[in-house]
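# Examination of the molecular architecture
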Amino acid sequence: MTDTNREKKLLKPGTIVSHFKRDLTSSTDPFQYLYEITGICLHSETMEELVVYKALYGSMKLYCRPKDMFLSLVDREKYPDAKQTYRFEYYCNSFSEI
């Protein structure tokens, strides 16, 4: 899958993604480190694209992160046991599929 296709699939509002730490946790919560993509917004000062996403566990907070960071590779030096290649990866199309 090309980077462009990966980005389109991953950043579509409603898509569920998993954070790489999901495989590193001993939590029994089936939603731990799963997030729903809300959309893309722009930083008001820099116009940098930010990904807006909502946790599907705990307090279900909203988060935003620079798009480049959201799409980045896992830092293998810091997390050598991570199974995912990317920080966030596609999990399923929507919450109803979980």
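Grouped together as the largest cluster of nonpolar side chains are 12 residues: Leu-10, Leu-11, Val-17, Tyr-35, Ile-37, Val-51, Tyr-53, Ala-55, Tyr-57, Phe-70, Leu-71 and Phe-88. Listed by contribution, the elements that provide at least two residues to this core are β2 (34-42) and β3 (49-55). Examining the composition of this core, we find that three residues originate from one element, β3, more than from any other.

Along the chain, Arg-6 turns up in helix α1 (residues 3-10). Buried charged residue Arg-6 carries no salt bridge. Nearest counter-charge: Asp-3, at 5.7 Å. With near-sequence residues (within four places) excluded, Arg-6 lies in contact with Met-1, Leu-71, Tyr-86 and Phe-88.

All right, on to the pairing of strand β1 (residues 16-19) then. Both faces of β1 are covered, namely the face carrying Ile-16 and Ser-18 and the face carrying Val-17 and His-19. Note: β1 against strand β5 (residues 88-92), four bridges, orientation antiparallel. Residue pairing in the sheet places Val-17 in a bridge with Tyr-90 of β5.

The five strands lie next to each other as β4-β3-β2-β1-β5, forming an open sheet whose pairing is antiparallel. The strands lining the two open edges of the sheet, one partner per strand, are β4 (62-66) and β5. Mean inter-strand twist for the sheet, computed between neighbouring axes without regard to direction, equals 45°. Summarising the sheet, β3 and β4 pair through five bridges and their orientation is antiparallel.

This paragraph deals with the pattern of salt bridges. Pairs may arise between side chains of opposite charge once their charged atoms sit close together. With the rule as written, the count across this model stands at three salt bridges. For Glu-7, the salt bridge is made with Lys-67, and the minimal N-O distance between the two is 2.7 Å. A residue pair is termed long-range when its members are at least 10 positions apart, and Glu-7 in helix α1 and Lys-67 in helix α2 (residues 67-70) qualify at 60 residues. Taking the relative accessible area as the measure of exposure, Glu-7 reaches 26% and is therefore partly exposed. Taking the shortest distance from any N to any O, the salt bridge between Glu-36 and Lys-54 comes out at 4.0 Å. A residue pair is termed long-range when its members are at least 10 positions apart, and Glu-36 in strand β2 and Lys-54 in strand β3 qualify at 18 residues. Judged by its relative accessible area of 22%, Glu-36 is partly exposed. The class for Lys-54 is partly exposed, based on a relative accessible area of 26%. The network of salt bridges with shared partners includes Glu-7, Glu-49 and Lys-67.

Parameters and conventions
Residues numbered from 1 in each chain as written. Predicted model: local features only at pLDDT ≥ 70, side-chain atom pairs only at ≥ 80, totals over all residues. Heavy atoms only, no water. Core = buried A, V, L, I, M, F, W, Y, C linked by side-chain atoms within 4.5 Å. Buried < 20%, exposed > 50% of the residue type's maximum accessible area, 1.4 Å probe, protein only. Helix = DSSP H or I, 4+ residues; strand = E, 2+ residues; numbered from the N terminus. Lys, Arg positive; Asp, Glu negative; His and termini not counted. Salt bridge = Lys/Arg side-chain N within 4 Å of Asp/Glu carboxyl O. Contact = heavy atoms within 4.5 Å. Pairing = 2+ DSSP bridges. Axes fitted to C-alpha atoms, helices over the stretch in contact; angles between N-to-C directions.

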